[in-house]
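Notes for the structure review
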Amino acid sequence: MRLLVKGGRVIDPANHLDEVADLLVENGVIREIRPGIPEAGAEVLDAAGKVVCPGFIDIHVHLREPGFEYKEDIASGTRAAAAGGFTSVCCMPNTCPVIDNNAVTGFIRRRAEEVGVVNVYPIGSITKQQEGKEIAEIADLVAAGCVAISDDGRPVMNAEIMRRALEYTKMFDIPVISHCEDLNLAEEGQMHEGYYSTLYGLKGIPAVAEEIMVARDILLAGATGSRVHFAHVSTRGSLNLIRQARQQGLRVTCEVTPHHLTLTDEVVGTYDTDTKVNPPLRSREDVEALRAALREGLVDCIATDHAPHELEAKDCEFNLASFGISGLETAVAVILSELVNPGELDLGEMVRLLAVNPARVLGLDKGTLTPGAAADITILDLNAVKEVVPASFHSKGKNNPFKGRRLRGWPWATIVSGKIVALNGEIMV
Amino acid sequence: MSFEHHKDLLGLKDLGKEEITTILDVAVPMKDIIKRDIKKVPTLRGKVVVTLFYEPSTRTRTSFELAGKYLSADTVNLAVNTSSVQKGESLRDTIKTIEVMGADMVVIRHSMSGVPHYVSRNTSMRVINAGDGVHEHPTQGLLDMYSIREKKGTLEGLKVAIVGDILHSRVARSNIFGLQKFGCEVRVIGPSTLMPPGVEKLGVKKYFNIEEGLEGVDVINVLRIQRERQKKGLFPTLEEYANLYCLTRERVSRARPDVLVLHPGPMNRGVEISSEVADSVTSIINEQVTNGVAVRMALLYLMMGGSRDEIAG
Amino acid sequence: MNFIEKTRIMDEAGMRRALTRISHEIIERNKGVKDLAIIGIRRRGGPLAERLAEKIKEIEGVEIPVGLLDITLYRDDLTTLASQPMVLRTEVPFDITNKVIILTDDVLYTGRTVRAALDALIDLGRPRAIQLAVLVDRGHKELPIKADYVGKNVPTSKKEIITVRVKEIDGKDEVVIEELAGE
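This structure is a prediction, so every number in the text was calculated from the model and none was measured.

**Structural notes on the overall build of chain A**
Counting its secondary structure elements, chain A contains 13 helices and 20 strands. In summary, chain A has a C-alpha radius of gyration of 20 Å against a globular reference of 22 Å for 429 residues, a match within 12%. With the C-alpha coordinates aligned to their principal axes, the bounding extent of chain A is approximately 65 × 45 × 45 Å. Considering only residue pairs separated by 6 or more positions, chain A has 75% of its internal contacts joining residues 24 or more positions apart. Summed over all atoms, the accessible surface of chain A reaches about 14,900 Å², with 49% contributed by carbon and sulfur.

Following this line, the structure appears as C-alpha cells:
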C-alpha cells in the first residue's frame, strides 16, 4: 500500500519544513518527503497548488455517543471531522453514561475502531458522573485510553475538589482541561453581558464568570504544580491571566475556537439560536484580544468545541435553545478564510495551532510529517470558494452560525494512516 | 403612507421617525372613534387577530382585543401557560396551527426576549410584539409617546426621565429607542444593580440619584417595580428602594412645573410612586390606557387595512 | 402616471356661481334652514361645505353648523388600493340626530364614496334626512345614488379624470378634465 502525494507545498513545523515536494506513504506510515519521488506503482494524489500539512487534531469535540445519538454519533461525528480536515478528535465526557470509567472509555474506542473514520481519543471526566462531588477513577480512565480529564459543560465549582483532582492527575502527567464558568455568575445567561445584551434584552453572561475560574485554576495549578489546559478561552481578561501564569512558569495551556476568533456578540441580534454558544460570543474588544494572543503565541491550540444538536434543540425560543455550534466542518475553512488568507495568521502558525500543539498538549504521538510517523495528513486548498450549507453537513448537527457565508480556503483531502478518508468534502470510505 | 411596507412590528428600534409619526397621526382619529357612542368602524371586517399571551397581562391583551373589535376585526384570545411550552406543543406548531385556522395577525406576549422575531420567521401572518422578555414593548412605547405628544404638543427636544428597574424593563427600552428618534434627551434613573450594562451606549444619561436626574425634565415615566427582583438580591428591601426612588411630591418639584408623569400601570403605591403623586396623575394614567387602544387601532389599520400584496414584500 | 389637462370646465367665478345656486336650492327645498347642517367629505368636500355655509349665512343670516367627515375607515376598496390612504379626523362637533344633513363632496362618480359616507354618518347618529350636494356629477355610477344638488353635470369617459382644485388646499379654484398622457 503506497500513496504518493505529489507536488504540494509541504509544511511541517516540527521539522522546519516548508517547500514544494512529494510525500510518499507506505503501509500507513510516512516514508519520505522530497521533490521528484518516482511513482513506481503507488496510488498518486496530485496535490499541485495545495498545502500538505500534518493531520489536524481537534482536542475539543462532543461526539454525543453514548446517550445522545440523536445529536451525533461516533460515525457521523468522525465523518464530519474527516470532511472538515481533522485526522484526530478528542471527545468530551458529557455523554450518557458519562466517560468516568474504563467501560465507557473502552466502548468509545471500540466504536471508533468499528465505525470511525478518524482517530478518536476520549477525555474522561474529573468527577464521578460529572457531579463535581467525588473525583473519578482517573488511573482507570488513563489505563483505558483517556488522554486528559475534563469537566467540560459542568464545571467543578468546589475549589477543594478541583485542587484534589489536580494533585491526583500529577501522577499520570495528563492535563486537566478546565471549562471556566462560575455557574452563579452565569446563571440563566443567554449571551455575553454588555451593550448588546442590553440592546437585545437577553440575560448576560459576564466575562468575569469565565475569568474568576481561570484565576482560580491558575492559582490551583500554581499550588499543585499540575498541568491545566483552559478550554475555549473567550475574554481579554482570561488571556491576561494566562499570560501572567506563563510568565510565572506555570504549566498552563489554552485553546480558542474559530467562532470566538471571528464572531462578536452583535450577531445575536437576530435571535438566531445558532449564535447561542457557551462561552458566549464576546465583544469586539475580546475578539481582537484573542487574535492578538494568536499572533503573540499565547494561544496553544485552535479547537472547535464541536457541539452538534438536533433540530428541535435549536428551532425554538432563544432562551430554551441549547448552547453549541456544530463546528467541525467549518473550523478550518473559517480560519483559512478569516485569518490566513487575509494575512493575519501564517500557515505555519496555523499548523502549529491545529496539529503540533494539540499533540504536544495531550502527549499524542502526532502532529508531524517526520518519516516513520503515522501518515495522518491534512491537505488544504487555499483558493477553493464554497458556501457553508449546513444541510449538507456530515454531522447530524446543522447548528452553525456561518451558514450562508462564502468562505475562501477549504480542507481538500484528509488522510488517516495513509488512507484517504475525505476528498473535497466527500467521505471516501 | 410610510408604514405599509412592514410585515411586522417587532420593536421601535427598527422603525424610523416618519413611521412612528404616521402611527401616532393615525391614532388621533382612532381615539375619536373610541369616544363615540358607536365605537365601531367596518374597516377590518373579515380579518382575524389572535392574541397569544404566554405571560398574564389583562391590560395589554384587552387593549388589543378592543382595538381589533372597534375596527370590526374578529379577535380571539389564547392564553397559554408558560409551563406548557416546555412540555407540550412547540411554539412553532402553535403558530402554524393559528395560521392554518386563517388568522391574519398574531399579537404575541412572551417572557423570553426574541420570541416575536422567531415567530415572525416562521409564519406568513403579521406579528405584533406585545412585550418580549426584557427586550421591547413597542406598543407601550408608542402609547407613551402618543400621550406625551398629546399633552406637550410635540416630542421634539423634550427631556424625559425613566425611573426604576431599567435592567428588566422592555418599556424603558422601547421608550428610549422611540423618543431618541425625536431628539429627546432620555435619562434613566435607578439603583446601580438595576441598570443594564452599557446603558450609556444607548445614548441615555444615567443617574443613581433621583433628585439630580429629575432636574428640569418635561416628562417622568415611572416604571413598576417587581417584587421578585428583591428576592433575587438586586436590592435589599422594598423600603430601601422606596426611600431612594419613590416618586414623591418633593422629588417631582425638581422637574419643570408643567411636568407630565406617566406610569405603565398597575401602580405600587408607596413603592415607586407616592399615593399623593399617584392621585394627582391618575387621570393621565387612565388617559394612557385610552391612548393605548387608539395606538393599537392605528397599527392594526396600518398593518392590515391595506392591500395585502403590496405590503407582503 | 402623467396626466394632461384637456378642458377647463369651471373657473373661480363659475365655481362661485354654482355654489351660490346650490345654496339657494338648499334653502328653497328645505323651506329655510331650520335643523340644517352641512358635512363635507374630506378632503375637498370640506372647503365646499364651509363655502355653502357662508353663502347660506349671507342669504338667510343664519349660521349653520359645519362638520368634516373622513370616510377612509369605511371604504370598500382598501384591499385593492396600491397605496394605503391616510386616516384623517372626522370633526363633527354637533349631534347630527334629527338634523337635515347636507352631505357635500367635490365629484360624484361611482357613488362608493357617498355610500361610505352614509355609513359613517349613520354611525354618528340618526339624522332626519341626508341630502347630497356635489360640485360635479360625472356619471358612471355603480350604486343607486343620486345627487340632490349638482353644480355641473359633466359627461365623461372612464379614461378621464376630473380634478377639482380649491383655494384652501390647492391655492386656486377650478375644475378641469384631465387624461392620461399618451392615450
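**Things to note about the arrangement of the chains**
Inter-chain contacts occur across two pairs of chains; the most extensive set of contacts lies between chains B and C. When C-alpha atoms are compared, chain A and chain C, though not in contact, are closest at a spacing of 29 Å.

**A word on the nonpolar core**
Counting 95 residues, the largest nonpolar core has Ile23, Met30, Ile128, Leu142 and Met297 of chain B as its most contacted members. Here Met30 of chain B is in contact with Leu71, Ala294, Met297, Ala298 and Tyr301 of chain B together with Leu73 of chain C, once residues within four sequence places are set aside. Leu220, Leu261, Leu347 and Leu382 of chain A belong to the second-largest nonpolar core, a separate cluster that totals 78 residues.

**Focus on the packing of aromatic side chains**
Residue and element names in this part refer to chain A. With the rule as written, the count across this model stands at nine aromatic pairs over all chains. Ring geometry for Tyr168 and Phe172: centres 5.7 Å apart, planes at 65°, overall edge-to-face. Its relative accessible area of 32% is what places Tyr168 among the partly exposed residues. Geometrically, the ring pair formed by Tyr271 and Phe318 is edge-to-face, given 6.3 Å between the ring centres and 85° between the ring planes. Linking Tyr271 in the loop between helix 9 (258-262) and helix 10 (284-296) with Phe318 in the loop between helix 11 (311-314) and helix 12 (331-340), this pair joins segments that are 47 residues apart in sequence. Note on Tyr271: relative accessible area 3%, which makes it buried. Given the relative accessible area of 2%, Phe318 is considered buried.

**A short note on the domain arrangement of chain A**
Residues and elements named next belong to chain A. Annotation of chain A at the domain level lists domain 1 (2-51 + 374-427) and domain 2 (55-362). Each of domain 1 and domain 2 was reduced to a C-alpha centroid, and the two centroids are 25 Å apart. Where domain 1 abuts domain 2, roughly 3,400 Å² becomes buried across the two surfaces, and 62% of that area is made up of carbon and sulfur atoms. Broken down residue by residue, the surface that domain 1 buries against domain 2 is led by Lys396, Asn399 and Phe402, which jointly contribute 20%. The interface formed by domain 1 and domain 2 contains four salt bridges.

**A look at the sheet that holds strand 6 (residues 56-61) of chain A**
All names here are of chain A. Strand order in this open sheet of three strands is 6-7-8, and the pairing throughout is parallel. At either end of the open sheet lies a strand with only one pairing partner, and these are strand 6 and strand 8 (119-122). Ignoring which end each strand starts from, the neighbouring axes of this sheet average 20° apart. Bridge analysis of strand 7 (residues 86-91) against strand 8 gives four bridges, and the strand direction is parallel. Across the sheet, residue Cys91 finds its bridge partner in strand 8, namely Pro122. On top of the sheet, helix 2 (residues 102-115) reaches strand 7 and strand 8; it is set at about 175° to strand 8, its chief contact.

**With respect to the pairing of strand 7 (residues 160-165) of chain C**
Remark: a regular strand shows side chains that alternate across the two faces of the sheet. Residues and elements named next belong to chain C. Of all six residues in strand 7, five are buried, a share of seventy percent or more. In this sheet, strand 8 (residues 174-180) lies alongside strand 7 in antiparallel orientation, the contact comprising six bridges. What sits directly across from Arg165, in strand 8, is Glu174.

**Some thoughts on the interface of chain B and chain A**
Taken together, the contacts link 24 residues of chain B with 19 residues of chain A. The largest contributions to the chain B side of the interface with chain A come from Met112, Tyr118 and Pro197 of chain B, which together make up 27% of the buried area. At the junction of chain B with chain A, the criterion picks out two salt bridges. Note that Glu188 of chain A is salt-bridged to Lys232 of chain B, the shortest N-O span being 3.3 Å. Across the contact surface, chain B and chain A share nine residue pairs in polar contact (both at pLDDT 80 or more). Within the residue set of the side of chain B that touches chain A, elements represented by two or more residues are helix 3 (82-87), helix 4 (91-100), helix 5 (115-121) and helix 7 (170-180) of chain B. Here the side of chain B that touches chain A takes four residues from helix 5 of chain B, the largest share from any one element. Taken together, the residues of the side of chain B that touches chain A sort by class into 10 nonpolar, eight polar and six charged.

**Topic: helix 3 (residues 112-122) of chain C**
All names here are of chain C. If you check which residues of helix 3 are buried, you get Val114, Ala116, Ala117, Ala120 and Leu121. With its buried residues spanning 160° around the axis, helix 3 presents them on a single face. Against strand 2 (36-41), strand 3 (66-69), strand 4 (100-108) and strand 5 (129-137) lie the buried residues of helix 3.

**As for the interface of chain C and chain B**
Residue-level contacts link 18 residues of chain C with 22 residues of chain B. Buried surface at the junction of chain C and chain B, both sides included, amounts to about 1,800 Å², of which 57% is carbon and sulfur. Taken as a group, Leu73, Gln84 and Met86 of chain C account for 39% of the area that chain C buries against chain B, more than any other trio of residues on that side. Linking chain C with chain B are two salt bridges, by the criterion used here. For the salt bridge of Arg36 of chain B with Asp123 of chain C, the shortest nitrogen-to-oxygen distance reads 3.8 Å. Applying the counting rule to chain C against chain B returns six residue pairs in polar contact (both at pLDDT 80 or more). Here the residues of the side of chain C that touches chain B sort into 11 nonpolar, five polar and two charged.

**Let's talk about a nonpolar patch on the surface**
Among the surface-exposed residues, Leu185, Val208 and Ile212 of chain A lie close enough to one another that they form a single nonpolar patch of about 210 Å² accessible area. Structurally, Val208 of chain A can be placed in helix 7 (residues 207-224).

**A look at the sheet that holds strand 7 of chain C**
Residues and elements named next belong to chain C. One open sheet holds the three strands; their spatial order is 1-8-7, and the pairing between them is antiparallel. Among the strands making up the open sheet, the edge pair consists of strand 1 (3-10) and strand 7. In this sheet, neighbouring strand axes are inclined to one another by 30° on average, regardless of whether the strands run parallel or antiparallel. Helix-sheet contacts for helix 1 (residues 12-29) involve strand 1, strand 7 and strand 8, and the interaxial angle to strand 1 is about 50°.

How each quantity is defined
Residues numbered from 1 in each chain as written. Chains lettered and ligands numbered in written order. Predicted model: local features only at pLDDT ≥ 70, side-chain atom pairs only at ≥ 80, totals over all residues. Heavy atoms only, no water. Helix = DSSP H or I, 4+ residues; strand = E, 2+ residues; numbered from the N terminus. Rg over C-alpha atoms; globule rule 2.2 N^0.38 Å. Contact = heavy atoms within 4.5 Å. Areas by Shrake-Rupley, 256 points an atom, 1.4 Å probe, with all protein chains shown as cover. Core = buried A, V, L, I, M, F, W, Y, C linked by side-chain atoms within 4.5 Å. Buried < 20%, exposed > 50% of the residue type's maximum accessible area, 1.4 Å probe, protein only. Phe/Tyr/Trp six-rings, centres within 6.5 Å; stacked < 30°, edge-to-face > 60°. Domains from an automatic or database assignment. Buried area = accessible area lost by both parts, 1.4 Å probe. Salt bridge = Lys/Arg side-chain N within 4 Å of Asp/Glu carboxyl O. Pairing = 2+ DSSP bridges. Axes fitted to C-alpha atoms, helices over the stretch in contact; angles between N-to-C directions. Polar contact = N/O pair within 3.5 Å; in protein donor to acceptor, adjacent residues only side chain to side chain. Nonpolar A, V, L, I, M, F, W, Y, C, P; charged D, E, K, R; others polar. Arc of directions from axis to C-beta. Patch = residues over 30% accessible without salt bridge, like charges linked within 9 Å, V, L, I, M, F, W, Y side chains within 5 Å.

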